[in-house]
Amino acid sequence: MIRSIDGEPHAITVHLDRLLEARGMTLTELADRVGITIANLSILKNGRAKAIRFSTLTKLCEVLACQPADLLTFDPH
Amino acid sequence: MRSKPRNPLEPMATVVSALLGLTGAGIAVTVLAAVVGSGGIMGLGQSFVYVDVPGIVGGSDLQSGQWNLHDGVLANTTGYRFFTTHPDVRQRVWYTLTLLPSSVLFIGALLLVFRLVRGAERDGIYTAATARRLRTLGWFLLIGAVVKMVVEMAAANRLLATMVTNHVEWIGPIFWETPWAVLLTAAGLLTFARIMRIGVEMRDDLQGTV
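Residues numbered from 1 in each chain as written. Chains lettered and ligands numbered in written order. Predicted model: local features only at pLDDT ≥ 70, side-chain atom pairs only at ≥ 80, totals over all residues. Heavy atoms only, no water.

**Student:** Even after reading the chapter, I still don't get the overall build of chain B, so can you show me in this structure?
**Tutor:** Helix and strand content of chain B: four helices and three strands. In chain B, the order of α-helices and β-strands from amino to carboxyl end is α-β-β-β-α-α-α. A separation of at least 24 residues holds for 73% of the contacts in chain B among residues at least 6 apart in sequence. (Helix = DSSP H or I, 4+ residues; strand = E, 2+ residues; numbered from the N terminus. Contact = heavy atoms within 4.5 Å.)

Structure below.
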């Protein structure tokens, strides 16, 4: 089970690594283009975020040319 | 251009620091005066004690101004101040208790506000610790105001009883004075402490939001 920044468990997997690799993009570049800090993007990438704003999700989908479902999946096990 | 944000802890931080300094200096001077014999503090080192009785209400002989004084007790008939220049130990204790609770409440509240401000400067304003310190201050004022009222009233009644031959109740209506302002302030602080605690939880939620 993954745990968010405050230790609360959740079952959402973030596939930023996979998408970055597929697009040939670095975390720093993505952070620049989305307009959030690398620290926050790392928190999201490692599944430690407590929540994601629709505005952040929109920018991520725009920059990575993907759907929210490509970025996030629910994995109960 | 954005103006520099003002410190939200001001003017409280400056006022509390100044008041603490003045109070400390005042206590030091008064204690020194009591020690060298030219003054007194809370009835200690003082050659006389007195009790002020509020205006006549009417009704019982206590409230109608028909005072029967003990030997050695004088009364200022215009102001209803009863005083004796040769107080015994019991009278000194009661006199001290008519003054001490107010000072303890004031100094205690001042120290708690100081702790609140310093803690907020150190740990941050929107923290659980600051909300807890605010709640402690609220309870201290609420309980302290009630205790102060009862103790000072009972002490004033007892001191008066040592000065007059009239029957004086332990807790009577003569000195009853409810500190509404302090009680309302305390209730307000307790409410703000609750609001702050909820705000801290909301802020914690936002901290993990990307």
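**Student:** Sorry, what's going on with the pairing of strand β3 (residues 81-84) of chain B here?
**Tutor:** If a strand is regular, its side chains alternate between the two faces of the sheet. Residues and elements named next belong to chain B. The alternating pattern of β3 places Phe82 and Thr84 on a buried face and Arg81 and Phe83 on a face that is not buried. As paired elements, strand β1 (residues 49-52) and β3 share four bridges and run antiparallel to each other. From the neighbouring strand, Tyr50 faces β3, where its bridge partner is Phe83. (Buried < 20%, exposed > 50% of the residue type's maximum accessible area, 1.4 Å probe, protein only. Pairing = 2+ DSSP bridges.)

**Student:** Please clarify how the environment of Ala120 of chain B should be interpreted in this entry.
**Tutor:** Residues and elements named next belong to chain B. Looking at the secondary structure, you find Ala120 in helix α2 (residues 89-123). Along the chain, Ala120 and Leu9 lie 111 residues apart, while their C-alpha atoms are 8.1 Å from each other. The residues touching Ala120, leaving out its near neighbours within four places in the chain, are Leu9, Ile125, Thr130 and Arg133.

**Student:** What's the story with the interface of chain B and chain A in this structure? I'm lost.
**Tutor:** Accessible area lost on assembly of the parts is the figure often given for the size of an interface. Counting residues at the interface gives six residues for chain B and 11 residues for chain A. Interface area, chain B with chain A, both sides summed: about 690 Å², of which 54% is carbon and sulfur. When residues of chain B are sorted by the area they lose upon contact with chain A, Gly208, Thr209 and Val210 of chain B head the list and together hold 81% of the total. If you look at where chain B meets chain A, you find zero salt bridges. Remark: the boundary between chain B and chain A carries five residue pairs in polar contact (both at pLDDT 80 or more). In the side of chain B that touches chain A, the residues fall into two nonpolar, two polar and two charged. (Buried area = accessible area lost by both parts, 1.4 Å probe. Salt bridge = Lys/Arg side-chain N within 4 Å of Asp/Glu carboxyl O. Polar contact = N/O pair within 3.5 Å; in protein donor to acceptor, adjacent residues only side chain to side chain. Nonpolar A, V, L, I, M, F, W, Y, C, P; charged D, E, K, R; others polar.)

**Student:** Looking at this structure, how should I read unusual backbone geometry?
**Tutor:** Phi is mostly negative for residues that are not glycine, and the peptide bonds are mostly trans. Cis geometry is adopted by the peptide bond preceding Pro11 of chain B, which originates at Glu10 of chain B and carries an omega value of 5°. Residue placement: Pro11 of chain B occurs in the segment before α1 (12-36). Phi is positive for Ala65 of chain A, which is not a glycine, with a value near 50°. Judged by relative accessible area, which is 61%, Ala65 of chain A ranks as exposed.

Read these as spatial facts, not as claims about activity.
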